[in-house]
Amino acid sequence: MTAVEQPETPLGHGNMRRKEDARFIRGRGTYVDDVTLPGMLHGAVLRSPYAHARIVSIDTSAAQAHPKVRAVITGETLAGLNLAWMPTLSHDVQAVLATDKVRFQGQEVAFVVAEDRYSARDALELIDVDYEALPPVIDARQALAEDAPVIRDDLEGRTDNHIFDWESGDAAATDDVFASAEVVAAQDMLYPRVHPAPLETCGAVADMDAVTGKLTVWTTTQAPHAHRTIYALVAGLPEHKIRIISPDIGGGFGNKVGIYPGYVCAVVGSIVTGKPVKWVEDRSENLMSTSFARDYHMHGEIAATKDGRILGLRVNVLADHGAFNGTAQPTKFPAGFFGVFTGSYDLEAAHCSVTGVYTNKAPGGVAYACSFRITEAVYLVERLVDVLAFDLGMDPAELRMKNLLRPEQFPYRSKTGWEYDSGDYPTALRAALDLADYPALRAEQALKRERGEQMGIGVAFFTEAVGAGPRKHMDILGLGMADGAELRVHPTGKAVLRLSCQTQGQGHETTFAQIVGEELGISPDDIDVVHGDTDQTPFGLGTYGSRSTPVSGAAAAVVARKVRERARIVASAMLEVSADDLEWEKGRWFVRGDVEAGRTIQEIALAAHSDLELPEGVEGHLDATCVYNPPNLTYPFGAYVCVVDVDADTGQVTVRRFVAVDDCGVRINPMIVEGQVHGGLADGVGMALMQVMAFDEDGNHLGGSFMDYLLPTSMECPSWELGETVTPSPHHPIGAKGIGESATVGSPAAVVNAVVDALRPFGVRHADMPLTPAAVWSAAQGTPLRTDLAIT
Amino acid sequence: MQVPAQFRYEKASSVEHALTLLDRFGAESRVVAGGHSLIPMMKLRLAQPEALIDINDLDELATISVEQSTLCIGALVRHTDLLSSALVGEHFPIFADAERVIADPVVRNRGTVGGSLCQADPSEDLSAAFAAVRGEAVIQSADGVRTVPVREFFVGPYQTVVEPGELLVQLRVPIRSSASAYLKVERRAGDWAVAAAGAELRLADGVLAETGIGLTALGAPNFHASEAEDFLTGGPATDERFAEAGRIAARHCNPIADQRGPEAYKRHLAATLVDRVLRVARTRWNGLHPEEEAR
Ligand SMILES: Cc1cc2nc3c(=O)[nH]c(=O)nc-3n(C[C@H](O)[C@H](O)[C@H](O)COP(=O)(O)OP(=O)(O)OC[C@H]3O[C@@H](n4cnc5c(N)ncnc54)[C@H](O)[C@@H]3O)c2cc1C
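Residues numbered from 1 in each chain as written. Chains lettered and ligands numbered in written order. Predicted model: local features only at pLDDT ≥ 70, side-chain atom pairs only at ≥ 80, totals over all residues. Heavy atoms only, no water.

### A word on the sheet that holds strand S2 (residues 53-59) of chain A
Either a parallel or an antiparallel arrangement is found when strands of a sheet pair, and the pairing is made through backbone hydrogen bonds.
Residue and element names in this part refer to chain A.
Alright, step 1. Judged by pairing direction, the sheet is antiparallel, and its 3 strands sit side by side in the order S6-S2-S8 without closing on themselves. Looking at which strands have only one partner, the edges of the open sheet turn out to be strand S6 (101-102) and strand S8 (128-133).
Alright, step 2. Where S2 lies against S8, 6 bridges are found, and the strand directions are antiparallel. Its bridge partner lying in S8, Asp59 is registered against Asp128. (Pairing = 2+ DSSP bridges. Helix = DSSP H or I, 4+ residues; strand = E, 2+ residues; numbered from the N terminus.)

### Quick look at the packing of aromatic side chains
Alright, step 1. What the rule picks out here adds up to 29 aromatic pairs over all chains.
Alright, step 2. Ring geometry for A:Tyr412 versus A:Tyr420: centroids 5.5 Å apart, planes at 70°, classification edge-to-face.
Alright, step 3. With 5.3 Å between their ring centres and 45° between their planes, A:Trp777 and B:Tyr265 make a pair best called tilted. With A:Trp777 in helix H18 (residues 773-780) and B:Tyr265 in helix H11 (residues 263-288), this residue pair bridges two chains. This pair shows no difference in class: A:Trp777 is buried, exactly as B:Tyr265 is.
Alright, step 4. Among the aromatic side chains, those forming a connected cluster through ring pairs are A:Phe333, A:Phe337, A:Phe372, A:Trp418 and A:Tyr544.
Alright, step 5. Over the ring of B:Phe231 we find B:Arg241, and its NZ or CZ is 4.9 Å from the ring centre. (Phe/Tyr/Trp six-rings, centres within 6.5 Å; stacked < 30°, edge-to-face > 60°. Buried < 20%, exposed > 50% of the residue type's maximum accessible area, 1.4 Å probe, protein only. Lys NZ or Arg CZ within 6 Å of the ring centre and 35° of its normal.)

### Section: the UniProt feature "domain: FAD-binding PCMH-type" (unreviewed entry) in chain B
Alright, step 1. With numbering aligned to this structure, UniProt lists the feature "domain: FAD-binding PCMH-type" (unreviewed entry) at residues 2-178 of chain B.
Alright, step 2. The distance separating the terminal C-alpha atoms of residues 2-178 of chain B is 46 Å; by composition the span is 33% helix and 26% strand. (UniProt positions renumbered as here; feature names shortened; annotations may be inferred.)

### Notes on the pattern of salt bridges
Alright, step 1. Under the criterion given, the structure shown has 82 salt bridges over all chains.
Alright, step 2. Salt-bridge contacts for A:Arg656 lead to A:Asp645; the nearest nitrogen and oxygen are separated by 2.9 Å. Residue A:Arg656 is located in strand S32 (residues 652-663), and its partner A:Asp645 is located in strand S31 (residues 637-647); the two are separated by 11 residues in the primary sequence.
Alright, step 3. Owing to a relative accessible area of 23%, A:Asp645 belongs among the partly exposed residues under this scheme.
Alright, step 4. With its nearest N and O atoms 3.0 Å apart, the salt bridge here joins B:Lys184 to B:Asp125. (Salt bridge = Lys/Arg side-chain N within 4 Å of Asp/Glu carboxyl O.)

### Observations concerning helix H5 (residues 171-180) of chain A
Residues and elements named next belong to chain A.
Alright, step 1. Along H5, the residues that are buried comprise Thr174, Val177 and Phe178. Considered in projection along H5, the buried side chains sweep an arc of 95° and stay on one side of the axis. In H5, the exposed positions angled more than 90 degrees off the buried face are occupied by Asp176, Ala179 and Ser180.
Alright, step 2. Looking at the buried positions of H5, the neighbouring elements they touch are strand S10 (183-194), strand S15 (292-304), strand S16 (310-320) and strand S17 (349-357).
Alright, step 3. A distance of 3.2 Å separates the backbone nitrogen of Ala172 from a side-chain oxygen at the start of H5, and that oxygen is part of Asp170. (Arc of directions from axis to C-beta. Contact = heavy atoms within 4.5 Å. Polar contact = N/O pair within 3.5 Å; in protein donor to acceptor, adjacent residues only side chain to side chain.)

Okay, structure coming up:
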């Protein structure tokens, strides 16, 4: 990591410190839990201790009698309001408070509203629930067994735990390629269930004003507008009477896309008591009940020639979706964008099939910076390429170089139908190998192996598909994935940009001001970015899947260009020339051929609000709005090299070096981009080496606190070595691609490849994440662990 | 936010006051020292004491000193102070080794030596370290003071000989010529041990005159490996014998499978860590006694 000098504020793109940091560093942010309203009450959720049980009865009388309790809400109360169940983002339903059965440990059973947080929590212990335990379905691989208990007997006619089958690619063509291939390598692999674990847990303050009929909800959401519409549809409240405010958010990573039962309970609590109600979950509740990520049991096969030309990929996935299908993804993509599993390689045919199943675990599935499951896809293909290299005895970097898409193939239509917008893959891989000094690393490894020391070098290449998305293909619950933007330029030339997406730490208040600054030549310091309040911002689908810069960023550029064109007309009136005779240079319009005769954007803004006579049909002011419907996704990519040292006797892994070359197209604020990469790499190290939510046979969650669910610390992270290439997106107004998830997507494979490479002397070809010391040692002994189950 | 159940809070101003409070509130009261074990359990409502007796003001329990050739460590000495104490480091480097890998600086700034031992978590590092060096626990009550060897301090997981109404006030270790070390395998910095081992040894005329081996998170009775110690004592400090001692320790401990690893792995770690930590202690001994090594 290099120290960053305090840069001057650039007039547009370039390094500048984040505008929002002043309040965060001073502890002056406003998070949901900081919101305190007069008369506010506090809610707490009673949760199921069982993974699967029938509710025989619920006795709330003792809790009701608690002197500080104002309301106790159960599934029965909600059923009376037709709110016991709510739709999920994947066209399933989810219990708000359980009425018939509980289906995962930690499921919401009752909600207490009390005068303070302590009393609400105390009262939970006074609720007596009589459960009749049922056998749970914990191992996803047993979910479709003949005799598996049926979890979703609430759904008409359900006789098994099957949710969906989905496929992509050409099965017949793929089978043909495999039938005639010289080499086929196959590998089972698990991308275990992990959790985004944002530092701020989820919560809401709901305030129903009985007089105006207006509901205001301060809530931890990455998608405030989508939440507003869903509340309107679910609760039957008129949408103009709902205001969702997403204040400062302490990390989202996909955890805060959906609507949780606790939010709905807070709203109902406020309606029932007539007072504002705050509900903020604790750490264990967050880990045990909110959106998890991954949980893909994958079987991959790769076909190739003997000399390492990759021909095809064939993949079967068993997807554990938990008790309710609550993944957040575009409707037509039940497996997210897993279809991009052909990755960065030029091959002849590919096919995958994905089967989704219910288990007695929390719902979720698409979260944790996964770009709608591209994390799983990249991990799969990058592990398969290494498995092939292992079988062929080839160098994994060389094997990749041989098969990467070539620059002249772009725009490239993949065998599963995705149109990659731009890329120069060999240059990026070469840059990473150079930065790492790959040949020297291999030489060092050979020397160490002679001495019996285990060192591993892992290479991974990834292609992402982000910025969902074109509305004709992509919607969530029928809401198309286009984003609005509004730009107001005040008379003095200062501006306010209003965005639909919501920052959770990505630095939007800085980056988006820079986008507008670049287009208009107004200093980003003079541009305020307003977001996270549905009453103040135009509609849009929110921040996740690395979509803010590809979609809302494009909207910001487009709306700024609209303002620039309005300014041109005003300038033409000011200069008394035809608008066609004006030329733009950053910050001013001037008369073609007479550079001196011009007007700055600030001068123009004042004139636009003055008594200046404007041409017929021009209204004055410079303000503009737009809606940006992306023509395609953007396809960031990168090449990563990880170096590890492994103590084979104890199984301990040390990540010694990590080289990351990322290409996200044009970099608006390179410093923020690097920050995003740093965070994502740390995430990747965490997933590869320590993070997992395993369950015992009774369905007990074995990662319900930060003592058990391990997040990486700076001690596990090397000093990141970053590089970059820049291949602009041809269809994005400023050539930018998303960067928020690149490193999380690309790094786990690099770390695992490195550890497996270190274990080569033990004949290890694959080992599942997380590669804890026990998992590494067990793999080296030839007795790999099932990391999703309790270790016995 | 996790919130504890209701409790009463009393702040002790002296050891005597603390003992009076303990007597007054009885078995349902708990001493709070650093609070880094007790408070998390209270927040999860696994512990619901009726009263907390805060001993953090008892400066007399927060000192490290040498009295009559005995290292005396007050029960309220913070992890961070044990870690940075030159006095402790000079005589028993095992403590600095262990402290360096206990939790993180935030926890070490508050957590105490006495709290660690009284918590008696099978994964507590200091329990094994004190067991290895054969320390003694000084326990005080209204009736007076008694001293218990650390090797007899633990009754079972989370259970010690400290009775209601008693306070652990000090830990003592006789200073003698010795070398010691501690090694731990963890899944991540700040994590509790997957397994750990501590060793203390003294050589005389080329044979091990004294050997102490502590084991953490391995289900060793009272945190030490007596069979391996017995095997080593009286014989030379060779690689082969260290490896054999490791195997003996592995056979006699009782690790249980959990998310940190299966039993076989933990037994393997017992053997590996005992072997390795003995070698580190031997290297330190040789560094202190170059003339003996030459002999
Ligand atoms: C995140 C985290 C990681 C940790 N990792 C490790 C680790 O890797 N290794 C490790 O060894 N420890 C670890 N710990 C525990 C830490 O060392 C604690 O500080 C220690 O276990 C307890 O010390 P305390 O002073 O905080 O005790 P408290 O929590 O105050 O008390 C613990 C128990 O001891 C009793 N008690 C305390 N003092 C006395 C006394 N003088 N007389 C009688 N009874 C007393 C209390 O009543 C209570 O029952 C970790 C803790 C945390 C929070």
